[in-house]
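Chain by chain, the residues:
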Amino acid sequence: MSQNNRIEALHLEYKKGLRSEKRRVRFFQLVIFAFFFAGWEIFSRNEWINPLIFSSPSKVWELFLSKLSDGSLLANLGITLSETVFGFVLGTFLGTLLAAILWWSPIIQKILDPYLVILNAMPKVALGPILIVALGPSFTSIVAMGAIISVIITTIVVYTSFKEVDPNYLKVLQTFGATRAQCFKEAILPASFPVIISTLKVNVGLSWVGVIVGEFLVSSKGLGYMIIYGFQVFNFTLVMLSLLIIAVFATIMYQLVDLLEKKLIKS
């Protein structure tokens, strides 16, 4: 067997191993999923857990079908999803923009550094009432809540990535007369794509937290409102339904970011 054929055979064997490992991972994920919901149903039906508080998958499914048929579920989901996507995009964009400004101007970075540390340490949820008073109980304040909870951590993480780019890249570009803007475009930003994508993954969860908290405080619609309303009327099946829907759509957003990461890495 020639060297090329041997390398090709090893490559095919490696890809086969990866596919086999992926199938095993999916299998065990499905097993855990099935055991969780089956156990939840069994424990609830036998009252080993309080069915009033923890409900059961069958009751959640029945309520899901009921809410889906009357259109209220899709209406509330659409509101929360749009708020979350806007907050997610806005928080990531502003955080990356601020990180670029800090990299561009060391003076601004030195001035703002202690304030970034303070804002990062501050519980962002506590700013909710202030945002609501300042912006009013509206779509804007909830989107702002979803954005502000992620913008500072995005700024710090992405700026740190900008600083850690190999300075030799910049020296080579500067040798050929590249401007600071060209250095940022050709070296700093591309080298930081993996970190920016990782930050996007974190921001998915943070945006959902910010939006749901905002809806807790002011909204009369959305999944956050459904959770609060469920607590108020002791309809914990509604609470569980809302939480499961949040989990599903947060996972979908995470997988979309993961798909974006794979496409960028391949390119």
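Residue positions within a chain follow its written sequence, with the count starting from 1. For a predicted model such as this one, the threshold for reporting local features is a pLDDT of at least 70, and the threshold for listing and counting side-chain atom pairs is 80 or more; totals across whole chains, interfaces and linings nevertheless cover every residue. Based on all heavy atoms of the structure, the side-chain values leave hydrogens and waters out of the count.

**Thoughts on the UniProt feature "transmembrane region" (unreviewed entry) in the chain**
- UniProt positions are given in the numbering used here, feature names are shortened, and annotations may be inferred rather than shown by experiment. In the numbering adopted here, UniProt assigns the feature "transmembrane region" (unreviewed entry) to residues 25-43, 85-104, 116-136, 142-162 and 234-257.
- Only DSSP runs of H or I with at least four residues qualify as helices, and only runs of E with at least two residues qualify as strands; both kinds are numbered from the N terminus onward. Overall, residues 142-162 shows 100% helix and 0% strand. The separation of its end C-alpha atoms is 30 Å.

**Some details on the side chain of Glu215**
- Along the chain, the position of Glu215 falls in helix 10 (residues 193-218).
- This buried residue, Glu215, is left without a salt bridge; Lys221 holds the nearest opposite charge, at 11 Å.
- Residues count as neighbours in contact if any of their non-hydrogen atoms are within 4.5 Å of one another. Excluding its chain neighbours within four sequence positions, the residues that come into contact with Glu215 are Ile79, Thr80, Glu83, Ile142, Lys221, Gly222, Leu223, Gly224 and Tyr225. Partly exposed describes any residue whose relative accessible area lies between the buried limit of under 20% and the exposed limit of over 50%, with all areas from a 1.4 Å probe on protein chains only and scaled to the type maximum. Charged-residue counts in this description rest on Lys and Arg as positive and Asp and Glu as negative, His and the chain ends being excluded. Criterion for a salt bridge: a side-chain nitrogen of Lys or Arg within 4 Å of a carboxyl oxygen of Asp or Glu.

**Quick word on the UniProt feature "domain: ABC transmembrane type-1" (unreviewed entry) in the chain**
- This chain's UniProt record puts "domain: ABC transmembrane type-1" (unreviewed entry) on residues 73-257.
- Secondary structure across residues 73-257 divides into 86% helix and 0% strand, with the first and last C-alpha atoms of the span separated by 25 Å.

**Some points on the packing of helix 4 (residues 72-104) against helix 11 (residues 223-232)**
- Lines fitted to C-alpha atoms define the axes here, with helix axes fitted over just the stretch in contact, and angles between the N-to-C directions of these axes take values from 0 to 180 degrees. Between helix 4 and helix 11, the shortest axis-to-axis distance is 7 Å and the interhelical angle comes to 120 degrees. By the angle between their axes, helix 4 is oblique relative to helix 11. Residues Leu73, Asn76, Leu77 and Thr80 of helix 4 touch helix 11, and the partners they reach there are Leu223, Gly224 and Met226.
- Lys, Arg, Asp and Glu make up the charged group, whereas Ala, Val, Leu, Ile, Met, Phe, Trp, Tyr, Cys and Pro make up the nonpolar group; the residues left over, Gly among them, are polar. Partitioning the contact of helix 4 with helix 11 into residue classes produces four nonpolar, three polar and no charged. Angles below 35 degrees are treated as roughly parallel, those above 145 as roughly antiparallel, those between 65 and 115 as roughly perpendicular, and all remaining angles as oblique.

**A short note on the nonpolar core**
- Side-chain atoms within 4.5 Å link the members of a nonpolar core, which is a set of buried Ala, Val, Leu, Ile, Met, Phe, Trp, Tyr and Cys residues. Counting residues in each nonpolar core, the largest one holds 24 residues, and the members touching the most others are Phe88, Val204, Trp208, Leu223, Ile245, Ile246 and Val257.
- Among the elements of the structure, helix 3 (57-70), helix 4, helix 10, helix 11 and helix 12 (236-266) are those that each provide at least two residues to this core.
- Here this core takes 10 residues from helix 12, the largest share from any one element.
- In contact with Ile246, other than residues within four places in its own chain, are Trp208, Ile212, Leu223 and Ile227.
- Judged by nonpolar contacts, the second largest core, of 17 residues, contains Phe162, Leu170, Cys183 and Ile188.

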